[in-house]
Amino acid sequence: MQNFHTHTYRCHHAKGTDRDYIEAAIKAGYTEIGFSDHVPYLFPTDYYSNFRMKPAETAEYVNTIRKLQEEYKDEITIRLGFEAEYYPQLFNNLLGFLKPFNYDYLILGQHYTKNEFDENSFYSGHETKSAEILDTYINQTLEAVKTGAFLYFAHPDLINYTGNKKMYEEKMRYFVKELKKLDIPLECNFLGFWDKRNYPNKTFWRLVAEEQNPVVIGLDAHQPEVYLDKNRLDKMKKFLDELGIKPMKKLDVIK
């Protein structure tokens, strides 16, 4: 089993040590995991997110995971990654900052539209009836995927649109079709299922089933015991199975 979506205490909203997650994963039978804590974005103002590590913490994160990677190499494969938003104004600078750390992968998790610190930037998980915000989310994430920088797209149904259902389905069908053309795996997010959030969105995943996009399961683990919650994970797998979705058995990490 694999899971490439694991956070650490450095993001200020996850619990447990890095070692705790590894030990839980081994106990649960995982053969490969990845740490993908929230990327340390370089903002041009005094603004800074309260849910991500700071740039100065990056080296310690990288060095710690690399040491654990070596320590546990005979028991489990450990990858080093980041979960990153695509902010058009800032993304190239981010890639330049991260390059010396020789990370293994990035996953796309678009928590905000625009550049986050912008006026009128919108948190994707908040309810909205705005078609404009929905369009911005769709267009911005499609632009992100086209960069080729991301291993997969985490919780693509995070955008919490509560307006016209027919319009949502039409726009999401377009979205899913375009993502299929780009051949990027879409993550069905266990944290959303586990925490009863607005995602996984059944309408979205029905469209994914119809278009036959590649799908992965991401635990989005913010506490080690998530790795051990087989009961609820089986329920989410059943949710996908009933829609006719068979998640990928193996995802190769390619930079």
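Residues numbered from 1 in each chain as written. Predicted model: local features only at pLDDT ≥ 70, side-chain atom pairs only at ≥ 80, totals over all residues. Heavy atoms only, no water.

*Asks:* Help me out: how do you make sense of the overall build of the protein in this one?
*Replies:* Looking only at helices and strands, one finds 8 helices and 7 strands in the protein. A globule of 255 residues ought to have a C-alpha radius of gyration of about 18 Å, and the protein, at 17 Å, matches this closely. For the protein, the spread of C-alpha atoms along the principal axes amounts to about 50 × 45 × 30 Å. The buried share of the protein, taken over its 255 residues, is 53%. Partitioning the contacts of the protein with sequence separation of at least 6, the portion at a separation of at least 24 is 79%. As presented, the protein carries roughly 11900 Å² of accessible surface, and 48% of it is formed by carbon and sulfur atoms. The average position of the 34 basic charges and that of the 38 acidic charges among the side chains of the protein differ by 5 Å. (Helix = DSSP H or I, 4+ residues; strand = E, 2+ residues; numbered from the N terminus. Rg over C-alpha atoms; globule rule 2.2 N^0.38 Å. Buried < 20%, exposed > 50% of the residue type's maximum accessible area, 1.4 Å probe, protein only. Contact = heavy atoms within 4.5 Å. Areas by Shrake-Rupley, 256 points an atom, 1.4 Å probe, with all protein chains shown as cover. Lys, Arg positive; Asp, Glu negative; His and termini not counted. Charge placed at Lys NZ, Arg CZ, Asp CG, Glu CD.)

*Asks:* Would you mind showing me how to read the pattern of salt bridges here?
*Replies:* When their charged atoms lie close together, side chains carrying opposite charge are able to pair. Under the definition given, this model contains 20 salt bridges. The salt bridge partner of Arg 79 is Glu 32, with a shortest N-O separation of 2.8 Å. Separated by 47 residues along the polypeptide, Arg 79 in strand β3 (residues 77-84) and Glu 32 in strand β2 (residues 32-38) bring together distant segments of the chain. For Arg 79, a relative accessible area of 28% puts it in the partly exposed group. Two residues, Glu 210 and Arg 173, come together in a salt bridge whose shortest N-O distance is 2.8 Å. Pair noted here: Glu 210 is in helix α7 (residues 202-211) and Arg 173 is in helix α5 (residues 165-182), with a separation of 37 residues, a long-range link. One salt-bridge network, held together by shared partners, links Glu 169, Arg 173, Lys 177, Arg 206, Glu 210 and Glu 211. (Salt bridge = Lys/Arg side-chain N within 4 Å of Asp/Glu carboxyl O.)

*Asks:* Sorry, what's going on with the nonpolar core here?
*Replies:* The nonpolar side chains of a soluble globular protein tend to be buried, and buried together. Core analysis: the largest hydrophobic core is formed by 74 residues, its most contacted members being Ile 33, Phe 82, Met 172, Phe 175, Phe 204, Trp 205 and Tyr 227. Residue contacts for Met 172: discarding those within four places in its chain leaves Leu 134, Ile 138, Ile 159, Phe 204 and Leu 207. Residues Phe 4, Leu 151, Tyr 152 and Val 216 belong to the second largest nonpolar core, which totals 9 residues. (Core = buried A, V, L, I, M, F, W, Y, C linked by side-chain atoms within 4.5 Å.)

*Asks:* In this structure, what is going on with a negative patch on the surface? I would like to understand it.
*Replies:* Taken together, the side chains of Asp 20, Glu 23, Asp 74 and Glu 75 define an acidic patch exposed on the protein surface. Mapped onto the elements of the fold, Glu 23 is located in helix α1 (residues 18-28). Since its relative accessible area comes to 39%, Glu 23 is described here as partly exposed. (Patch = residues over 30% accessible without salt bridge, like charges linked within 9 Å, V, L, I, M, F, W, Y side chains within 5 Å.)

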